[in-house]
Structures are given as structure tokens and as C-alpha cells.
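This is what each chain is made of:
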Amino acid sequence: MEEKVSLLGFLLAFSENLDNQVPEKRRHSSRVANISFFIADKLNLSEKEKYNLIISALLHDAGNGNNNFKNSSKEIDEHALKGSLFISDIPFLENISKIIKYHHIAWDFGKGNIYKEEPVPMESQILFLAEFIDHKLNKQKYILKEKNKIIKRVKEEGEKLFNKDVMEAFLSLSNKESFWFEVNYDTPSPEDFSCDLKLDIDGLLLLSKAVARIVDYRSKIQVRHSRNVTNVASYLSEKLGYDSEMIKKIKIAGYLHDIGKVALPPSILLKQEKLSKKDTDYIKIHPFKTYLTLKKGLPYEDITIWASYHHEKLNGKGYPFRVSGESIPIPARIITISDIYSALLENRPYRLGLSENKVLSYMKKLATEKYIDKEIFSIIIENKEEVSSVIKL
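Residues numbered from 1 in each chain as written. Predicted model: local features only at pLDDT ≥ 70, side-chain atom pairs only at ≥ 80, totals over all residues. Heavy atoms only, no water.

Chemist: Quick question: what am I supposed to make of the overall build of the chain here?
Modeler: In terms of helices and strands, the chain carries 20 helices and four strands. Computed over C-alpha atoms, the radius of gyration of the chain comes to 22 Å, within 12% of the 21 Å expected from 2.2 N^0.38 for 393 residues, which places it in the range of a compact globule. Taking the principal axes of its C-alpha atoms as reference, the chain extends roughly 70 × 50 × 40 Å. Taking all 393 residues of the chain together, 56% fall into the buried category. Here the analysis covers contacts within the chain between residues at least 6 apart in sequence; of these, 70% occur between residues at least 24 apart. On the chain, roughly 17900 Å² of surface is accessible, and the fraction owed to carbon and sulfur atoms is 51%. The positive charge centre, built from 60 side chains, and the negative charge centre, built from 55, are 6 Å apart in the chain. (Helix = DSSP H or I, 4+ residues; strand = E, 2+ residues; numbered from the N terminus. Rg over C-alpha atoms; globule rule 2.2 N^0.38 Å. Buried < 20%, exposed > 50% of the residue type's maximum accessible area, 1.4 Å probe, protein only. Contact = heavy atoms within 4.5 Å. Areas by Shrake-Rupley, 256 points an atom, 1.4 Å probe, with all protein chains shown as cover. Lys, Arg positive; Asp, Glu negative; His and termini not counted. Charge placed at Lys NZ, Arg CZ, Asp CG, Glu CD.)

Here it is as C-alpha cells:
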């Protein structure tokens, strides 16, 4: 029987990484999800509408990356649009995409009910207020010490910014200490929703592709890296004779191999010059972060290992697990080779991509010294033109 992936469970693990990129935003998405849920519940939204709102809250900052760590309204509107676009082609996230797209539209005395002739969903208006509340919270202070300040700010700015019904729902909840405790200390759970979407392998593949877009966008180093790795890994897997189901799983590992990088600080991900020794030591945590995220979010132990081992080497000189030889599964070796090949061909802020001949010469040395699998690498040597054609630079 095929294992299914909880959409909510996976996104809880992923959003934790997204929030950890900036220390002051830790648990931001979970708190926004909690605030949104309680307001929606007060407004008697259906279970499915509340579920969609929580999924939207966990993904609402997906487009906030690259140079978008500013707070101008232009940047904020842009990050809402980009976050929406990253998931817009996934059928089961179509409604989520619309909610995220409009979650920074001010109410403006009712004018914000429509934006460019499109209706702004009630869920977007709830999400807008929920995010406002969390941004105004001083996370260094005890939550109840912040309560009156937040209520005052919402009342002061509410008539202009927020849907009246949404604001009144929040104000009626805000007198309860339990509301603030649940917002700050609780976390949504898949068990809370009978409508939680369970993804089969095809659904997970679609979701993984969207996650790869978010991961790559967060870093100037990446550009299209996760997708390039996946394309090369898919090609190598076909040449090795794997069946379609196995190839799908390897592609998912390729898309998700750098999911741990979104937890790294912008000072590293957006760096224009070559990374220092201190930076490279710090960046070594990312495959372990990948491991933790996928271990929490996926029931597939094999995909988790394949993605997390992409910096391991056959001779044991990789990181962070220092495994070697037969302890490294063939699909993990495929991801490793695809990762090295793609990374060397791609431009970086501090260097241009290497020529194919230089890349192959370097990788041949790695194969000779038992860093990478010689047999798998030989497929690239024997099919140079075909392999290079799947890379987009």
C-alpha cells in the first residue's frame, strides 16, 4: 500500500525552516496560522476554509526572499505575488495561491474587497490582520504584557486597514488569556482536520517542485539549482534502468535536497563574494536541516536519506554524517553527482560557471579518489551532450 503524505504535516516542517532564516521570525508562520484559525472559527468559516487558511499562513512568506527583506509596501506586495506564483500551477493549491496573492490588500473602508476587478477572499483579509498582529508582538516579552498594546494598535489602524467583521472577531477573542496562550504556544496539527489532504507520490512530486522554486529563490547562489539537480538525476536514473515510480522518488529527493538551506541566514544566502571558511563551516548544517525537515514531514525514509546524503562521499570524507561505501544508497550517489555537476556549471555571485571540460576533468579526479561513484559518473562522460542539455543556466 502506497504511503501518503500529509500536506499540513509537510508544510509545518517546511515553514519552520522558512521562519528560522531570520531569528526574530521564529514560529512566525505558526503564530499567524493560529491567529487566523481562531478568527476564522469565530466567523463560522467551514472546516475546509479554516484548513486552507492555515495552509496559506504556513506559505504566506514563501515569496519573501532574495532582496525582499525590506518593509516597503512595494516589496511586500511583490512577495505576496511571488509566493502566489510559486504554487499557482498546483491544482490542489489553487485556492491557497489566491489567498496568498491578496493577503496584503488593505481594507480601505471597503475598497479592498476588490483588487483589480478580482474579489479579495475573506481568508486573505483574515491573514492580513493575523500577520499584522504577529509583526507587532515583541517576542522578547511575556505574551500577556503585549496584549493591550496589540489591541490598541488594531483599533487605531483597523478602520483603514482591516475588514470590520474580521477586526471585531479578533477583538472579541482578544480578552481571553487562552487565545494569546494558544497563539504563542500551540501548533496546528493534521489530526485537527478531517479534510487534511493526503498526497500520493504524484502529488508530492508536484509539491516538491514548488518547494524547489521557493528554495532556489531564497538564495542568489541557487538560481535554478534544485531543478537542475533534479533534471540530471532523472536522466541518470533512466539510464540506470529504474522504473517510473523509483524515478519519481529520486526526483523528489532532487527537488528537496537543499530544503535545509532556507534556514540559513541571508548574510550567507545573499552573499556576493566567495564564502569565507566561517561561512562554509556554517553552511555544512544545511544537509542536516534537510534531514530534520524531511524526517518530520515525510513518511518516506528512503527519500529523506537520498536527499540528506548529497554531501556524503564514498571515501567517508563528506558531511555531515560521515557515512561511506555501501552505506550510501545508489539514489543518494545519483543526487550527489547531479549536485556537483550542476553546481560547477552554474554561475555564482563570486564566479562564472566552469566550462564542461573543466567540470568533467574535476569530477573524473573525484571519481578516481573515490569521492563519487565512478560507474554513475561514467554515464555523464558517455552522454555529455544529452546530460548538458537538461541543465538550464
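Chemist: Explain the side chain of H257 to me, please; I cannot follow it from the model alone.
Modeler: In this fold, H257 is placed in the loop between α12 (244–256) and α13 (266–269). Here the side chain of H257 touches G254 through a polar contact of 2.7 Å, landing on its backbone oxygen. For H257, the contacting residues outside a window of four places in its chain are H225, S226, V229, T290, A307, H310, I335 and D339. (Polar contact = N/O pair within 3.5 Å; in protein donor to acceptor, adjacent residues only side chain to side chain.)

Chemist: Would you take a moment to explain a negative patch on the surface for this structure?
Modeler: Taken together, the side chains of E182, D186, E191 and D192 present a region of like negative charge at the surface. With respect to the helices and strands, the residue E182 is situated in helix α9 (residues 177–185). (Patch = residues over 30% accessible without salt bridge, like charges linked within 9 Å, V, L, I, M, F, W, Y side chains within 5 Å. Salt bridge = Lys/Arg side-chain N within 4 Å of Asp/Glu carboxyl O.)

Chemist: How do you make sense of helix α6 (residues 122–136) when you look at a structure like this?
Modeler: Every α-helix winds through 3.6 residues per turn, so residues three or four apart in the chain are directed the same way. Between its first and last C-alpha, α6 extends 22 Å over 15 residues, near the 21 Å set by a 1.5 Å rise per residue. Across the 15 residues that make up α6, a large majority, 12, are buried. Among the residues making up α6, those that are buried are E123, S124, Q125, I126, L127, F128, L129, A130, E131, F132, I133 and D134. Those residues of α6 that are buried lie in contact with α2 (28–42), α3 (47–59), α5 (94–101), α7 (143–161), α8 (164–173) and α9. (Expected span 1.5 Å × (residues − 1).)

Chemist: Mind showing me how you'd approach the packing of helix α18 (residues 356–368) against helix α19 (residues 374–382) here?
Modeler: Packed helices, taken two at a time, are described by the angle their axes make and the gap between the axes. Across the interface, α18 lies against α19 with an axial gap of 10 Å and an inter-helix angle of 160 degrees. The angle between α18 and α19 places the two elements in the roughly antiparallel class. Read as a crossing pair, α18 and α19 show a hand that is left-handed. Taken together, the residues of α19 that come into contact with α18 (itself represented by L360, M363, K364 and A367) are K374, F377, I380 and I381. Residue composition of the contact of α18 with α19, by class: six nonpolar, no polar and two charged. (Axes fitted to C-alpha atoms, helices over the stretch in contact; angles between N-to-C directions. Parallel < 35°, antiparallel > 145°, perpendicular 65-115°, else oblique. Left-handed = near helix turned anticlockwise from the far one by under 90°. Nonpolar A, V, L, I, M, F, W, Y, C, P; charged D, E, K, R; others polar.)

Chemist: Sorry if this is basic, but what is going on with the pattern of salt bridges here?
Modeler: Side chains that differ in sign of charge can pair as their charged atoms come close. Overall, the coordinates contain 19 salt bridges when judged by the stated rule. Two residues, E326 and R333, come together in a salt bridge whose shortest N-O distance is 3.8 Å. Taken together, the shared-partner salt bridges connect D202, E245 and K248 into one network.

Chemist: What exactly am I supposed to notice about the layout of surface pockets here?
Modeler: To find leftover empty space, one rolls a probe the size of a water molecule over the atoms. Roughly 1000 Å³ of internal volume is contained in the largest pocket. Lining the largest pocket are 31 residues, with H311, Y319, D339, A343 and Y350 positioned closest to its centre. Of all elements in the fold, only α14 (277–283), α17 (330–345) and α18 reach the threshold of two or more residues within the lining of the largest pocket. Ranked by the residues each element gives to the lining of the largest pocket, the list is headed by α17, at four residues. (1 Å grid on protein atoms, 1.4 Å probe; cavity = no way out; pocket = protein on both sides within 12 Å on 5 of 7 lines; lining within 4 Å. Points joined across faces, edges and corners; volume = space filled by probe spheres on them.)

Chemist: Would you explain the confidence of the model for the chain in this entry?
Modeler: Keep in mind that low pLDDT regions are not for reading the predicted coordinates in detail. Scored by pLDDT, the chain has a mean of 91; 95% of the residues are at 70 or more. A low-confidence stretch, residues 67–76 (pLDDT under 50), is modelled with 15 contacts involving residues beyond four sequence positions or located in other chains. (pLDDT = per-residue confidence, 0-100.)

Chemist: Hey, could you run me through the side chain of D61 in this one?
Modeler: With respect to the helices and strands, D61 occurs in the loop between α3 and α4 (73–87). The class for D61 is buried, based on a relative accessible area of 5%. Here the side chain of D61 touches H28 through a polar contact of 3.5 Å, side chain to side chain. Discounting residues that sit within four places of it in the chain, D61 has contacts with K25, H28, H79, E131 and R218.

Chemist: I keep staring at the nonpolar core and nothing clicks. Help me out?
Modeler: Note on soluble globular proteins: their nonpolar side chains tend to be buried together. Counting 107 residues, the largest nonpolar core has F10, F14, F170 and Y341 as the members making the most contacts within it. If one sorts the elements of this core by residue count, helix α10 (residues 201–217) sits on top with 10 residues. Dropping the residues within four chain positions of it, F170 is found in contact with I39, L129, I133, I150, I151, V154, F179 and W180. (Core = buried A, V, L, I, M, F, W, Y, C linked by side-chain atoms within 4.5 Å.)

Chemist: Is there a simple way to think about the packing of aromatic side chains in this case?
Modeler: Both the distance between ring centres and the angle between the ring planes are used here to describe each pair of aromatic rings. Tallying each qualifying case throughout the model produces 16 aromatic pairs. Each ring, one from F170 and one from W180, has its centre 6.1 Å from the other, and the planes form 85 degrees; the classification is edge-to-face. Taken together, the positions of F170 in helix α8 and W180 in helix α9 put the pair 10 residues apart, joining distant regions of the chain. Side by side, F170 and W180 carry an identical accessibility label, which is buried. (Phe/Tyr/Trp six-rings, centres within 6.5 Å; stacked < 30°, edge-to-face > 60°.)

Chemist: I would appreciate a short explanation of the packing of α7 against α8 in the present structure.
Modeler: With their axes 11 Å apart at the nearest point, α7 and α8 run at an angle of 165 degrees to one another. If you check the angle between α7 and α8, you find them roughly antiparallel. The way α7 lies across α8 gives a crossing that is left-handed. Taking contact as the criterion, the partners of I150, I151, V154, K155, G158 and E159 in α7 are, on α8, M167, F170 and L171.

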